[in-house]
Protein chains: 2
Amino acid sequence: MARQKAYREEEVIEKAMNLFWRNGYETTSMQMLEKEMGINKFSIYASFGNKNGVFLESLKCYKQKLNILIDTLKQSKNGVLGIKQYFYDFIEFAKENEFGKGCLVTNTANELQDGANDAIKNVLSTFTGEVKQVFADVLKQDASNNEATIEQQADFLIIAMFGLASATKVFTPTQLENYIEHTFKRL
Amino acid sequence: MARQKAYREEEVIEKAMNLFWRNGYETTSMQMLEKEMGINKFSIYASFGNKNGVFLESLKCYKQKLNILIDTLKQSKNGVLGIKQYFYDFIEFAKENEFGKGCLVTNTANELQDGANDAIKNVLSTFTGEVKQVFADVLKQDASNNEATIEQQADFLIIAMFGLASATKVFTPTQLENYIEHTFKRL
DNA sequence: CCTATTTCTAAACGATTGTTTAGAAATAAA
DNA sequence: TTTATTTCTAAACAATCGTTTAGAAATAGG
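Reading the values: the criteria
Residues numbered from 1 in each chain as written. Chains lettered and ligands numbered in written order. Predicted model: local features only at pLDDT ≥ 70, side-chain atom pairs only at ≥ 80, totals over all residues. Near = placed C-beta within 6 Å. Helix = DSSP H or I, 4+ residues; strand = E, 2+ residues; numbered from the N terminus. Nonpolar A, V, L, I, M, F, W, Y, C, P; charged D, E, K, R; others polar. Core = buried A, V, L, I, M, F, W, Y, C linked by C-beta atoms within 7 Å. Buried ≥ 20, exposed ≤ 12 C-beta atoms within 10 Å, placed from the backbone. Contact = placed C-beta atoms within 7 Å. Least-squares fit on C-alpha atoms with pLDDT ≥ 70 in both. pLDDT = per-residue confidence, 0-100. Axes fitted to C-alpha atoms, helices over the stretch in contact; angles between N-to-C directions. Parallel < 35°, antiparallel > 145°, perpendicular 65-115°, else oblique.

(A) Summary view of the protein's contact with DNA strand D. Around DNA strand D, 24 residues are found, and the nearest of them are Ala 2, Arg 3, Ala 6 and Phe 42 of chain A together with Ser 29 of chain B. When residues of the surface near DNA strand D are traced back to their parent elements, those giving at least two are helix 3 (41-48) of chain A together with helix 2 (30-37) and helix 3 (41-48) of chain B. Per-element accounting of the surface near DNA strand D gives the leading share, four residues, to helix 3 of chain A. By residue class, the composition of the surface near DNA strand D is eleven nonpolar, seven polar and six charged.

(B) Spotlight on the nonpolar core. Counting residues in hydrophobic clusters, the biggest one holds 95 residues, and the most contacted among them are Ala 16 and Leu 164 of chain A together with Ala 16 and Leu 164 of chain B. Not counting the four nearest positions on each side in its chain, Leu 164 of chain B is found in contact with Gly 163 of chain A together with Phe 87, Phe 90, Leu 176 and Tyr 179 of chain B.

(C) The relation of the copies chain A and chain B, seen in detail. The operation relating chain A to chain B is a screw motion whose rotation component is 180 degrees, with 0.0 Å of axial translation and a residual RMSD of 0.0 Å. Put plainly, the chains are arranged around a two-fold axis. Using C-alpha coordinates, one finds that chain A approaches the rotation axis most closely at Gly 163 of chain A, a distance of 1.8 Å. When the interface residues of chain A are mapped onto chain B, 100% of them again fall at the interface, so both copies present the same face.

(D) The protein's contact with DNA strand C, seen in detail. Around DNA strand C sit 24 residues, and of these Ser 29 of chain A together with Ala 2, Arg 3, Ala 6 and Phe 42 of chain B come closest. Mapped by element, the contributors of at least two residues to the surface near DNA strand C are helix 2 (30-37) and helix 3 of chain A together with helix 3 of chain B. Considering each element in turn, the surface near DNA strand C owes the most residues, four residues, to helix 3 of chain B.

(E) Here's a closer look at the interface of chain A and chain B. Each side of the interface is counted separately: chain A has 26 residues, and chain B has 26 residues. At the level of secondary structure, the elements contributing two or more residues to the side of chain A that touches chain B comprise helix 6 (104-111), helix 8 (147-167) and helix 9 (173-184) of chain A. Sorting elements by how many residues they give to the side of chain A that touches chain B places helix 8 of chain A first, with ten residues. Among the residues making up the side of chain A that touches chain B, the classes are represented as ten nonpolar, ten polar and six charged.

(F) Spotlight on the confidence of the model for chain A. When pLDDT is averaged along chain A, the result is 94, and 99% of the positions lie at 70 or above. Mean pLDDT values for the elements of chain A range from 92 in helix 7 (residues 118-139) of chain A up to 98 in helix 5 (residues 80-94) of chain A.

(G) Up close: the packing of helix 8 of chain A against helix 8 (residues 147-167) of chain B. For the pair helix 8 of chain A and helix 8 of chain B, the least separation of the axes is 8 Å and the interaxial angle reads 105 degrees. Judged on the interaxial angle alone, helix 8 of chain B and helix 8 of chain A are roughly perpendicular. Contacts from Ile 159, Ala 160, Phe 162, Gly 163, Leu 164, Ser 166 and Ala 167 of chain A of helix 8 of chain A reach helix 8 of chain B at Ile 159, Ala 160, Phe 162, Gly 163, Leu 164, Ser 166 and Ala 167 of chain B. Here the contact of helix 8 of chain A with helix 8 of chain B is built from residues that sort into ten nonpolar, four polar and no charged.

(H) View of the environment of Gln 4 of chain A. Residue and element names in this part refer to chain A. Turning to its location among the elements, Gln 4 is positioned in the segment before helix 1 (9-23). Gln 4 sits in the exposed class, given 5 other C-beta atoms within 10 Å. With 101 residues separating them in the primary sequence, Gln 4 and Val 105 have C-alpha atoms 34 Å apart.

Encoded structure:
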């Protein structure tokens, strides 16, 4: 063998993920990634193939971080109140300054065009489906919900969550709180 | 005087607007604008200054189109049901193929970074404020609503609308309908 | 018709994009 | 210490970005 890497891939990919999270895919250039990750373009390409590869690994990294919130939701026994708490937890998770930076997945969905990379599209739809399933499982805790209403409520909540994620980038904390309270008022 | 323009600015800006609406600001290049608007780069710069100028005019054009829906809402006498109808009207307004293309304003808000153009930022916040005010005015039709609840409901609805606009790009018509029905169920 | 003025064509501008590459620096194994 | 292999630096790649410009084409007023 020979010379050894001067960086750990899990460490630099987390820095890349934060850059994509704040700036989006297109706005984040290889030059910015070089600077933020602290390694040369050569090393980036050697480790991740290309910009798309860096992004796909960043999505994995993001999912790991979000899974902490989702696991908390899975373990909650408060039914729909657990989901409400997840909404609040997400706001904290996405907080940057006064406003938030949204969700890396929904940000990407918003930015994505029709001709976008299929691998990325797959990650996005898989991700959304998984979260919706967790919502549905939690809603099942209330035995009075039949299958059809659970499906409808889960669909409603995943779109509400999608909207909230985008809203964190533009609306004030008070407005977001107001939104969550109204969303769960009669659910 | 001398040679006359071979195009009408209101016509070409509508084509530009549709391009921005479908593709976003960054993804839309001057080359694409040239092709879609049917005029040369020179003419674009002569008429609108630069890419940002084209975009600002496109936002005005978009607002004119959306104002038709908003005027309908203003004239409705059904209280919150008028707003619900506005939500449905918007989905139709944003429809492209199976999915929608969102709202040019909210798409831009999602795409925008902190360092973005101030003129654009102003248009966005002004626009959001105006729509929220229309929501509030309509909610006042129900005399049982006091000022505080009107403010809260208007805030809730503007975020719900913001989320719906983004959601049209990703979720199916059935899911969107489900979302609207749940949103207005107990309002 | 001539001239002044404007629009249009088409090429080029410098900067930046994502990606590649040649060669120096480093290090494990012989 | 030499050698083989890998990482790293730094420069360059072609393509595209938004923008500018020189000159041809067109036309209203003299």
